[in-house]
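What the coordinates show
Spelled out from the first residue to the last, the chains are:
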Amino acid sequence: MSDTRTVARALDALRHGWAVRVTADDGALDLLPAETGFAQPGVYAANLLISAARAATLKLANQREAAVPEAPVLIHGADPFTQLSARELADPSLDLDRPLRGPFRALPIAAHEAAVTAMELARLGGILPAFLVATGVEPAVTVSAADLAAFKDPLNLTIQARARLPVHACEHAEIVAFRARDDLREHVALILGTQSGERVPLVRLHSECLTGDVLGSLKCDCGPQLDAALARMAEEANAGGWGVLLYLRQEGRGIGLINKLRAYELQDQGFDTVDANERLGLPSEARDFPVAARMLDLLGVTTIRLMTNNPGKVAALQELGVDVEERVAHQLPANPHNERYLATKRDRTGHLLR
């Protein structure tokens with residue numbers, strides 16, 4: 001029987017640098033996270049589990065294998081991997097300062113499903129997707145692929161609290177907080193105006209962006225998009241309609257704040273936002289749209305007008321049973337710092353910014 005609480009313990013273990021055992025139908029792997037693992041004397045491993053994108057940089061994966069950058073690849077070094085060497089090998093932002101040392105060779109992965117599960121746990125934990133394999137360190141927790149599937153089930157999400165919340169854009173607003181028992185990320189919805197079944201609401205899915213929403217970063221358009229969405233919804237409310245802003249706790253399109261900042265560093269080295277994510281061994285799109293659909297369902301919202309420039313977001317919600325009656329364009333002017341970012345969204349991820 002799957003246990004979602006086991007995943008919560010496993011994520012905590014990975015963030016604290018403890019070893020975990022990951023199991024699946026095809027076998028088990030004892031893994032120590034390369035990034036956070038304690039620098040204990042004598043801890044080393046003959047093999048390292050890394051991403052296909054990282055393996056491609058090491059010339060250990062072909063183009064077809066690297067097409068899924070977050071896929072697992074098992075590598076063997078001429079010398080055992082220490083925690084320090086594994087950490088340096090895992091982080092592409094260090095490549096210019098610390099040239100890669102080999103030789104390495106790729107090995108078959110007997111427990112492939114367990115390896116895939118481990119890479120997803122690393123993403124959810126916000127750490128680099130790299131693990132020393134079979135170090136002899138006793139695992140702090142055993143977690144299975146079935147546990148992870150149960151943990152990610154959007155039906156775990158429920159409404160925890162709601163309250164009136166006047167905001168700058170609209171004094172007539174209500175905030176609703178959502179949380180799953182074992183996933184402590186607290187998503188919120190802000191309802192502007194009076195909810196009514198007679199008018200289709202204007203809806204915006206906004207993924208958390210600390211740098212843009214709070215600090216005013218010019219590298220993205222997140223902050224201005226958030227402000228403009230609230231202003232547009234306030235206009236709807238003043239005209240007798242209503243709007244719903246879903247604020248989703250999935251920083252960096254689901255890769256976490258630290259890894260997003262690593263991607264920024266890679267962008268400064270010349271990579272675009274998609275290549276930077278993939279070079280880290282992380283997906284360029286890891287947002288949890290089933291959670292957004294679940295939030296709308298809990299609010300009793302079945303038909304929406306969606307503010308987005310991304311047709312993929314429309315398709316994702318429609319596949320989840322949300323009736324998207326209209327796509328409402330949400331384009332804002334570029335600035336010198338985010339021109340390339342916006343061009344990448346247009347040219348590589350299909351955003352309609354023309």
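As a starting point, this report considers the structure included with it. The structure displayed is predicted, hence computed values, not measured ones.

Description of the overall build of the chain
When its secondary structure is counted, the chain shows 13 helices and 14 strands. Against the compact-globule benchmark of 20 Å for 354 residues, the chain has a radius of gyration of 22 Å, which places it among compact chains. Each principal axis of the C-alpha distribution contributes one length, and for the chain these read about 70 × 50 × 35 Å. Here the chain, with 354 residues, has 51% of them falling under the buried criterion. When the accessible surface of the chain is split by element, carbon and sulfur atoms take 52% of a total near 16400 Å². Between the mean site of the 37 positive side-chain charges and the mean site of the 45 negative ones, the chain shows a separation of 2 Å.

Points about the packing of aromatic side chains
Within this structure, the stated rule accounts for one aromatic pair. Here the aromatic rings of Phe-81 and Phe-104 are separated by 5.9 Å at their centres, their planes lie at 15°, and the arrangement is stacked. With a gap of 23 residues between them, Phe-81 in strand S4 (residues 72–82) and Phe-104 in strand S5 (residues 104–107) connect regions that are remote in the sequence. Its end group placed over the ring of Tyr-264, Lys-219 keeps NZ or CZ at 4.9 Å from the ring centre.

A few points about unusual backbone geometry
You will see that Ala-134, though not glycine, has its phi angle at about 55°, which is positive. Relative to the helices and strands, Ala-134 is located in the loop between strand S6 (131–133) and strand S7 (141–144). Even without glycine at this site, Arg-253 takes up a positive phi of about 60°. Mapped onto the secondary structure, Arg-253 falls in helix H8 (residues 251–254).

Notes on the sheet that holds strand S12 (residues 242–248)
The mixed open sheet is built from seven strands, whose spatial order is S8-S9-S10-S12-S11-S13-S14. Of all strands in the sheet, those bounded by a partner on one side alone are strand S8 (158–164) and strand S14 (323–328). Pairwise comparison of adjacent strand axes, ignoring direction, gives a mean angle of 25° for this sheet. Of the strand pairs in this sheet, strand S9 (residues 173–179) and strand S10 (residues 187–193) are connected by six bridges, and their pairing is antiparallel. Bridge pairing in S10 links Glu-174 to Ile-191.

A word on the pattern of salt bridges
With the rule as written, the count across this model stands at 18 salt bridges. The partner of Asp-91 in a salt bridge is Arg-262, with the nearest N and O atoms 3.7 Å apart. Remark: Arg-262 occurs in helix H9 (residues 257–268) and Asp-91 occurs in the loop between helix H3 (83–90) and S5; sequence separation between them is 171 residues. Here Asp-91 and Arg-262 have matching classes, each one buried. Across the pair Glu-326 and Arg-305 runs a salt bridge, and its minimum N-O distance is 3.2 Å. Highlighted residues: Glu-326 in strand S14 and Arg-305 in strand S13 (residues 303–307), separated in sequence by 21 residues. Several salt bridges converge on common partners, so that one network encompasses Glu-35, Arg-87, Asp-91 and Arg-262.

Remarks on the packing of helix H11 (residues 289–298) against helix H12 (residues 311–319)
For the pair H11 and H12, interaxial distance at closest approach is 9 Å and the crossing angle is 60°. Relative to H12, the element H11 lies oblique. Considering the relative orientation of H11 and H12, their crossing is right-handed. Residues Phe-289, Ala-292 and Ala-293 of H11 form the contact with H12, whose participating residues are Lys-313, Ala-316 and Leu-317.

Some details on helix H1 (residues 4–16)
When the terminal C-alpha atoms of H1 are compared, their 19 Å separation across 13 residues agrees well with the 18 Å that a helix rising 1.5 Å per residue should span. Residues Thr-4, Thr-6, Val-7, Ala-10, Leu-11, Ala-13 and Leu-14 constitute the buried set of H1. The arc enclosing the buried residues of H1, seen along the axis, measures out at 165°, which places them on a common side. You can read the cap of H1 off the contacts: a side-chain oxygen lies 3.0 Å from the backbone nitrogen of Arg-5, and it is on Asp-3.

Rules of the game
Residues numbered from 1 in each chain as written. Predicted model: local features only at pLDDT ≥ 70, side-chain atom pairs only at ≥ 80, totals over all residues. Heavy atoms only, no water. Helix = DSSP H or I, 4+ residues; strand = E, 2+ residues; numbered from the N terminus. Rg over C-alpha atoms; globule rule 2.2 N^0.38 Å. Buried < 20%, exposed > 50% of the residue type's maximum accessible area, 1.4 Å probe, protein only. Areas by Shrake-Rupley, 256 points an atom, 1.4 Å probe, with all protein chains shown as cover. Lys, Arg positive; Asp, Glu negative; His and termini not counted. Charge placed at Lys NZ, Arg CZ, Asp CG, Glu CD. Phe/Tyr/Trp six-rings, centres within 6.5 Å; stacked < 30°, edge-to-face > 60°. Lys NZ or Arg CZ within 6 Å of the ring centre and 35° of its normal. Pairing = 2+ DSSP bridges. Axes fitted to C-alpha atoms, helices over the stretch in contact; angles between N-to-C directions. Salt bridge = Lys/Arg side-chain N within 4 Å of Asp/Glu carboxyl O. Parallel < 35°, antiparallel > 145°, perpendicular 65-115°, else oblique. Left-handed = near helix turned anticlockwise from the far one by under 90°. Contact = heavy atoms within 4.5 Å. Expected span 1.5 Å × (residues − 1). Arc of directions from axis to C-beta. Polar contact = N/O pair within 3.5 Å; in protein donor to acceptor, adjacent residues only side chain to side chain.

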